[in-house]
There are 2 protein chains.
Amino acid sequence: MAKMEREIRLDAAAARLKAAGLRPTRQRLELARLLFAAHDRHVTAESLAEEGARAGVKVSLATVYNTLHQFQAAGLLRQVVVDASRTYFDTNVGDHQHFFLENEGLLIDIPGEEISISGVPAAPLGMSVDRVDVVVRVRRQ
Amino acid sequence: MAKMEREIRLDAAAARLKAAGLRPTRQRLELARLLFAAHDRHVTAESLAEEGARAGVKVSLATVYNTLHQFQAAGLLRQVVVDASRTYFDTNVGDHQHFFLENEGLLIDIPGEEISISGVPAAPLGMSVDRVDVVVRVRRQ
DNA sequence: CAACGCGCTTAGAACAATTCTAATCTATGA
DNA sequence: TCATAGATTAGAATTGTTCTAAGCGCGTTG
């Protein structure tokens, strides 16, 4: 007998959490289900909380913040800093960069293979490169 | 008779403000003098206010914020977004990129000629590229 | 030179995003 | 089933930034 789409997603979410060593609580499962429904989503705590509310998921804002940070620590999400006023989390943790639409506060992925950066000088003494972020800021018109 | 270093800097600051169409008030002059003492400084509102306080300049925090934004609008400063929790302003408005030392929250310039980025896809329809920011995140060890 | 007006500065309040707190709940392993 | 470590929660607290409204001062005009 066929499983409902929602159940399949919850199973997948449970597997992800298990792999990350996070207890599969109701809230984490529901948030994971929302987050990983598509593989290149860009959310803020606020937007995810709102999305959850619309979907009838009962989760406090504090838990959304906690969960986003835990998922990030577990490598399921990546934080993207492009705007001084809000923090974005990206469900695509692979090698890629971003367009940032400054007018609408929207992020769009640029596949890692497309962009190439050369001539990055060596990191200062005693430091090692953690990541190279490229943000292409675009605006309407 | 030779002018004091401080006076020379204030004159230079006055010239900058005049060119930018900003009234040369005491606060703006003093902040400009501090900011443009070196040509590649990275400050936050907080750090600049503190620096001013140490230097005996009497300026409110609100004015520091106002001034930083006005200088930015006038093209004397550039805002750099690297850290979700604070906003940096850079006195170097030329073409360049940054190292960001994540441990100490410090920025170091990378000259624009050193780095080259290729393969940036065309901006989404109806959008134009405003700027391409590269942040090389490094950490100790 | 006096007076005016507009822009500037200010302290403190307000705000928004995020984190903390401490009480309550729940998944899990014995 | 029970105990417990860990998770969730509402609401308070914190932090960085912006707003507000009152007073000040720079440059101009009469």
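Before any of the text, the structure's been laid out above.
Because the structure is a prediction, the values reported are computed rather than measured. (Residues numbered from 1 in each chain as written. Chains lettered and ligands numbered in written order. Predicted model: local features only at pLDDT ≥ 70, side-chain atom pairs only at ≥ 80, totals over all residues. Heavy atoms only, no water.)

## Topic: the packing of helix α2 (residues 26-35) of chain A against helix α3 (residues 45-54) of chain A
Residue and element names in this part refer to chain A.
Thought 1: The geometry of α2 relative to α3 is characterised by a closest axis approach of 11 Å and an angle of 105° between their N-to-C directions. One finds that α2 runs roughly perpendicular with respect to α3. Note on element contacts: α3 touches α2 through Leu-48, Glu-51 and Gly-52, opposite Leu-31, Leu-34 and Leu-35. (Axes fitted to C-alpha atoms, helices over the stretch in contact; angles between N-to-C directions. Helix = DSSP H or I, 4+ residues; strand = E, 2+ residues; numbered from the N terminus. Parallel < 35°, antiparallel > 145°, perpendicular 65-115°, else oblique. Contact = heavy atoms within 4.5 Å.)

## Looking at the interface of chain B and chain A
Thought 1: Counting residues at the interface gives 39 residues for chain B, matched by 39 residues for chain A.
Thought 2: Summed over both partners, the interface of chain B with chain A comes to about 3,200 Å²; 57% of that surface belongs to carbon and sulfur atoms.
Thought 3: If you sort the residues of chain B by the area they bury against chain A, Val-81, Met-127 and Arg-137 of chain B come out on top, with a joint share of 19%.
Thought 4: Two residues, Arg-137 of chain B and Asp-133 of chain A, come together in a salt bridge whose shortest N-O distance is 2.8 Å. (Buried area = accessible area lost by both parts, 1.4 Å probe. Salt bridge = Lys/Arg side-chain N within 4 Å of Asp/Glu carboxyl O.)

## Things to note about the relation of the copies chain B and chain A
Thought 1: In the superposition of chain B on chain A (RMSD 0.1 Å, axial shift 0.0 Å), the rotation amounts to 180°. The superposition operator between the copies reduces to a two-fold rotation axis.
Thought 2: When the interface residues of chain B are mapped onto chain A, 100% of them again fall at the interface, so both copies present the same face. (Least-squares fit on C-alpha atoms with pLDDT ≥ 70 in both.)

## Here's the deal with the sheet that holds strand β2 (residues 78-83) of chain A
Residue and element names in this part refer to chain A.
Thought 1: One open sheet accounts for 3 strands, arranged β1-β3-β2; its pairing is antiparallel. Two strands lie at the open edges of the sheet, namely β1 (42-43) and β2, each paired on one side alone.
Thought 2: Here β1 pairs with strand β3 (residues 86-90) via 2 bridges, running antiparallel. In the strand pairing of β3, Val-43 is matched with Phe-89.
Thought 3: Those strands touched by helix α4 (residues 61-73) are β1, β2 and β3, and its axis lies near 50° from that of β3. (Pairing = 2+ DSSP bridges.)

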